[in-house]
Amino acid sequence: MKTPQFIYYLDDDTDDLHFFSEAVETLGHSIKPFVNGNLMLRALEKEKELPDIIFLDIIMPVFNGEQILDIIRKSPQWNHIPVVLITGVYPKSAVGKYLESGANYLMKKPAEVTDLRSTIEHVLAIDWAHFRAYS
């Protein structure tokens, strides 16, 4: 197994937060889940340890994933952090737009928990210095 990673995950769906957090922890990583973008941005500003990777749900109230991504990419202290946009449904026509906006990866939420663990494991194994794509 690779070195354990510290993950931020933003999603307004508490069930998705729970399943995602459980999958990450069973893979040996640590996670800090957030239900709204303001809380996540405050944590980025105040916490001493920055996450190794950030997962953002695209469809969110107040700040959506794209808006949070834009804030992260414009920040000199955070713009190096890989960001994965995650959603249940996305049109293939939007993939290019998300990647051009600075997302490192676009991930569709798997329907099954076992598929979620496998997908997370795949994403966390990526060498972000050389990779941008979607699944």
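Let me begin by describing the structure that accompanies this report.

### A short note on the nonpolar core
Turning to step 1, where the next piece is worked out: Ranked by internal contacts, the top residues of the largest apolar core, which has 25 residues, are Tyr 8, Met 40, Leu 44, Ile 54, Leu 56, Ile 72 and Leu 85.
Turning to step 2, where the next piece is worked out: Counting residues per element, the ones that place at least two in this core are strand 1 (6-10), helix 2 (37-46), strand 3 (53-57), helix 3 (65-74), strand 4 (83-87) and helix 4 (92-100).
Turning to step 3, where the next piece is worked out: Excluding its chain neighbours within four sequence positions, the residues that come into contact with Leu 56 are Leu 10, Met 40, Gly 65, Ile 68, Leu 69, Ile 72, Val 83, Val 84, Leu 85 and Ile 86.
Turning to step 4, where the next piece is worked out: If you look at the next biggest cluster of nonpolar residues, it comprises 20 residues, including Ile 7, Ala 23, Leu 27 and Phe 55.

### Brief notes about helix 3
Turning to step 1, where the next piece is worked out: The complete set of buried residues in helix 3 reads Gly 65, Ile 68, Leu 69, Ile 72 and Arg 73. The buried residues of helix 3 occupy an angular sector of 135° when projected down its axis, which confines them to one face.

### Observations regarding helix 1 (residues 14-26)
Turning to step 1, where the next piece is worked out: Spanning 13 residues, helix 1 covers 18 Å between terminal C-alpha atoms, matching the ideal 18 Å at 1.5 Å per step.
Turning to step 2, where the next piece is worked out: Of the residues making up helix 1, those classed as buried are Leu 17, Phe 20, Ser 21, Ala 23 and Val 24. Along the axis of helix 1, the buried positions cluster into a sector of 165°, meaning they face one direction only. Facing away from the buried side of helix 1 by over 90 degrees, the exposed positions are Thr 14 and Thr 26.
Turning to step 3, where the next piece is worked out: In the stretch just after helix 1, Gly 28 is the one whose phi turns positive, near 90°.

### Thoughts on the environment of Lys 108
Turning to step 1, where the next piece is worked out: With respect to the helices and strands, the residue Lys 108 is situated in strand 5 (residues 105-108).
Turning to step 2, where the next piece is worked out: Residues Lys 108 and Ile 86, 22 residues apart in the sequence, show an inter-C-alpha distance of 5.7 Å.

### With respect to the pairing of strand 3
Turning to step 1, where the next piece is worked out: Among the five residues of strand 3, five are classified as buried, and the element is accordingly described as predominantly covered.
Turning to step 2, where the next piece is worked out: Where burial is concerned, the two faces of strand 3 agree: the one with Ile 53, Phe 55 and Asp 57 and the one with Ile 54 and Leu 56 are both buried.
Turning to step 3, where the next piece is worked out: Across four bridges, the pairing between strand 1 and strand 3 is parallel. Pairing of Leu 10 across the sheet is with Leu 56, part of strand 3.
Turning to step 4, where the next piece is worked out: For the crossover from strand 3 across helix 3 to strand 4, the handedness is right-handed.

### Considerations on the environment of Ala 125
Turning to step 1, where the next piece is worked out: Among the structural elements, Ala 125 can be located in the loop between helix 5 (113-124) and strand 6 (133-134).
Turning to step 2, where the next piece is worked out: Owing to a relative accessible area of 45%, Ala 125 belongs among the partly exposed residues under this scheme.
Turning to step 3, where the next piece is worked out: Spatially, the C-alpha atom of Ala 125 lies 9.7 Å from that of Thr 3, the residues being 122 residues apart in sequence.

Reading guide: rules and limits
Residues numbered from 1 in each chain as written. Predicted model: local features only at pLDDT ≥ 70, side-chain atom pairs only at ≥ 80, totals over all residues. Heavy atoms only, no water. Core = buried A, V, L, I, M, F, W, Y, C linked by side-chain atoms within 4.5 Å. Buried < 20%, exposed > 50% of the residue type's maximum accessible area, 1.4 Å probe, protein only. Helix = DSSP H or I, 4+ residues; strand = E, 2+ residues; numbered from the N terminus. Contact = heavy atoms within 4.5 Å. Arc of directions from axis to C-beta. Expected span 1.5 Å × (residues − 1). Pairing = 2+ DSSP bridges. Right-handed = clockwise from strand over helix to strand, strands pointing away.

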